[in-house]
Amino acid sequence: MTFLPNPTEPRDLPGRVHLTMPAEIDFCNAEQLLPLIVSEAQARGDRLEVLVLDLTTTCFMDSQGIRLINDIRHRLPPGARMRVVARPEGVASRVLELTGLRRDVPVYDNVAEAMAS
């Protein structure tokens, strides 16, 4: 089952936003997630320093998930950085490693480390 776009609970700390991603990211929802996430980032304008995408509950992600992360990265406001959180043994972490995106986007094992970076 593919879930509809629902980055839940944007956690707003000064200069940082944490978004929990859905359990599945694929061709059915990636296109709909993009404007939601970009909107959250742009709503903070110049105040956004770090956007944290939390993939710890994502148990399926295909190439559309990689494309989504890359598209978000290129649409962030100037000066904003992206961080990704993924369980080391999880599917999302493996997909990030196999595609090489992990070289371009810092990946953390937990939210606290990503938010503090």
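Preceding this paragraph is the structure being described.
Now for a description of the structure that goes with this document. (Residues numbered from 1 in each chain as written. Predicted model: local features only at pLDDT ≥ 70, side-chain atom pairs only at ≥ 80, totals over all residues. Heavy atoms only, no water.)

### Structural notes on the overall build of the protein chain
Keep this limit in mind: We count a stretch as a helix when DSSP gives it H or I for four or more residues in a row; a strand needs E for two or more, and each element gets its number in order from the N terminus. Remark: exposure states derive from per-residue accessible area (1.4 Å probe, protein chains only) relative to the maximum for the residue type, with buried under 20%, exposed over 50%, and partly exposed in between. Contacts: residue pairs with any heavy atoms within 4.5 Å of one another.
Of the regular secondary structure elements, the protein chain holds 4 helices and 7 strands. Mapped from its N terminus to its C terminus, the protein chain presents α and β elements in the order β-β-β-α-β-β-α-β-α-β-α. Looking at the protein chain as a whole, 47% of its 117 residues are labelled buried. Sequence separation of at least 24 residues holds for 71% of the intrachain contacts in the protein chain that already meet a minimum separation of 6.

### Remarks on the side chain of Thr56
The test is simple: Polar contacts here mean pairs of N or O atoms no more than 3.5 Å apart (in protein, one a potential hydrogen donor and the other a potential acceptor; neighbouring residues in sequence count only if both atoms are side-chain atoms).
Within the secondary structure, Thr56 is located in the loop between strand S4 (50–54) and strand S5 (60–61). Among the polar contacts listed, one links the side chain of Thr56 to the side chain of Asp54, at a separation of 2.6 Å. Setting aside residues up to four positions removed in sequence, Thr56 forms contacts with Val85, Ala86 and Arg87.

### Describing the side chain of Asp54
With respect to the helices and strands, the residue Asp54 is situated in strand S4. Residue Asp54 is classed as buried on the basis of its relative accessible area, which comes to 6%. If near-sequence neighbours (up to four positions away) are discounted, Asp54 is found in contact with His18, Leu19, Thr20, Met21, Val85 and Val111.

### Looking at the nonpolar core
Here is the rule: In this description, a nonpolar core means a group of buried Ala, Val, Leu, Ile, Met, Phe, Trp, Tyr and Cys residues linked to one another through side-chain atoms lying within 4.5 Å.
Among the nonpolar cores identified, the biggest contains 30 residues, and Leu51, Leu53, Leu55, Met61, Ile69, Ile72 and Leu96 are the most heavily contacted of them. If you list the elements that add at least two residues to this core, you get strand S2 (16–20), helix H1 (30–42), S4, helix H2 (63–75), strand S6 (81–85) and helix H3 (91–99). Among the elements that make up this core, the one with the highest residue count is H1 (6 residues). Dropping the residues within four chain positions of it, Leu53 is found in contact with Leu19, Met21, Ile37, Ile69, Ile72, Met82, Arg83, Val84 and Val85. One finds Val50, Val85, Ala114 and Met115 within the second-largest nonpolar core, a separate group that totals 6 residues.

### So, H1
Selection rule: Each helix should span, by expectation, one fewer than its residue count multiplied by 1.5 Å. The directions considered for the arc run from the helix axis to the C-beta atoms.
For H1, with 13 residues, the first-to-last C-alpha span of 18 Å sits near the 18 Å given by 1.5 Å per residue. Among the residues of H1, Ala30, Leu33, Leu34, Ile37, Val38 and Ala41 are the ones counted as buried. Taken down its axis, H1 places every buried residue within 125° of arc, on the same side.

What is shown is where atoms sit, not what they do.
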